[in-house]
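# Residue-level structural notes
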Amino acid sequence: TPQTLVKTGSLQSTTDGGEYNIDSVFSATYMNYFVTFKTAMASDNNQTLLRFRTGGANNTSSSYQSGTRIIDQSGSFDTESNSNGSSLKGIDARAIQGFMYINAPFSTTYYTQVQTHFNLMTAAGTKKFCFGGIMFEDTTSFDGFQFTTNSGNLSLVDVQIFGIKE
């Protein structure tokens, strides 16, 4: 049987905001999700953060583990990691665009896992191409997530969320 994407939610805004909450998009209906996203910073040199949410509240525990491999337009490689952090972060990004597979966000049996691929442009104009993953090292059930910053505002967000029908 072929897999099918079923839209479970979206958020589009061009109004400056310190956070954009995407709630009630994960449920027991689907085990896994596909997400496309675009964000832009209202001011340079900030970090774009992703946090999971339950019942309208952010989870800021130290259970987020992440690693990202980065190559820039000149061929230079870099790595970012976040061990026992409170979010996933894209550093010094003027804009970020990409997709994520989110596995088992609503489950209380499995850890939430994310595989992500995104491109970004830094405040200096450097283009970076990134891939990596996130593990939320706990069996917390999430029904949504948030894009926010370490300081300042995001100037736009366009997020589309799809459940993967198996």
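Summary of the structure given here. (Residues numbered from 1 in each chain as written. Predicted model: local features only at pLDDT ≥ 70, side-chain atom pairs only at ≥ 80, totals over all residues. Heavy atoms only, no water.)

### Points about the overall build of the protein chain
Along its length, the protein chain carries 0 helices and 13 strands. Walking the protein chain from its N terminus toward its C terminus, one meets helices and strands in the order β-β-β-β-β-β-β-β-β-β-β-β-β. Overall size of the protein chain, expressed as C-alpha extent along the three principal axes, is 45 × 35 × 35 Å. Evaluated residue by residue, the protein chain yields a buried proportion of 43% over its 166 residues. One way to put it: in the protein chain the 10 positive side-chain charges average out to a point 5 Å from where the 13 negative ones average out. (Helix = DSSP H or I, 4+ residues; strand = E, 2+ residues; numbered from the N terminus. Buried < 20%, exposed > 50% of the residue type's maximum accessible area, 1.4 Å probe, protein only. Lys, Arg positive; Asp, Glu negative; His and termini not counted. Charge placed at Lys NZ, Arg CZ, Asp CG, Glu CD.)

### Thoughts on the pairing of strand β6 (residues 64–72)
Where β6 and strand β7 (residues 77–85) come together, 7 bridges link them in antiparallel fashion. Directly across from Y64, in β7, lies its bridge partner G85. From the end of β6 to the start of β7, which pair antiparallel, there are 4 residues, and G75 there has a positive phi angle of about 95 degrees. (Pairing = 2+ DSSP bridges.)

### What to know about the environment of K165
For K165, the location among the structural elements is in strand β13 (residues 154–165). Under the relative-accessibility criterion, K165 is labelled partly exposed at 48%.

### Some thoughts on the sheet that holds strand β11 (residues 127–136)
Within the open sheet, the 8 strands sit side by side as β1-β13-β3-β9-β10-β11-β6-β7. Their pairing is antiparallel. On the outer flanks of this sheet lie β1 (4–13) and β7, each paired with one strand and no other. For this sheet, the mean angle separating the axes of adjacent strands, direction not counted, is 15 degrees. Taken together, the 9 bridges between strand β3 (residues 32–41) and β13 define a ladder with antiparallel strand orientation. The partner of T39 across the bridge, within β13, is V157. (Axes fitted to C-alpha atoms, helices over the stretch in contact; angles between N-to-C directions.)

### Some words on the packing of aromatic side chains
Tallying each qualifying case throughout the model produces 13 aromatic pairs. Aromatic side chains F52 and F136 sit 6.5 Å apart centroid to centroid with 85 degrees between the ring planes, which places their arrangement in the edge-to-face category. Here F52 is found in strand β4 (residues 48–54), whereas its partner F136 is found in strand β11, with 84 residues between them in sequence. Of the two residues examined, F52 and F136, each falls in the buried class. (Phe/Tyr/Trp six-rings, centres within 6.5 Å; stacked < 30°, edge-to-face > 60°.)

### Topic: unusual backbone geometry
Of note in the backbone geometry, S24 takes a positive phi value of approximately 55 degrees without being a glycine. Within the fold, S24 resides in the loop between β2 (19–22) and β3. We classify S24 as exposed; its relative accessible area is 58%. Even without a glycine there, the phi angle at A104 is positive, about 60 degrees. On the secondary structure map, A104 appears in the loop between β9 (93–103) and β10 (112–122). Here A104 falls in the buried class, since its relative accessible area comes to 5%.

### Some points on the side chain of R53
You can see R53 is positioned in strand β4. Look at R53 and you get buried, because its relative accessible area is 4%. Of the polar contacts made by the side chain of R53, one reaches the side chain of N21; its length is 3.2 Å. Setting aside residues no more than four positions away along its own chain, R53 makes contact with N21, D23, N58, F142, D143, G144, F145 and Q146. (Polar contact = N/O pair within 3.5 Å; in protein donor to acceptor, adjacent residues only side chain to side chain. Contact = heavy atoms within 4.5 Å.)

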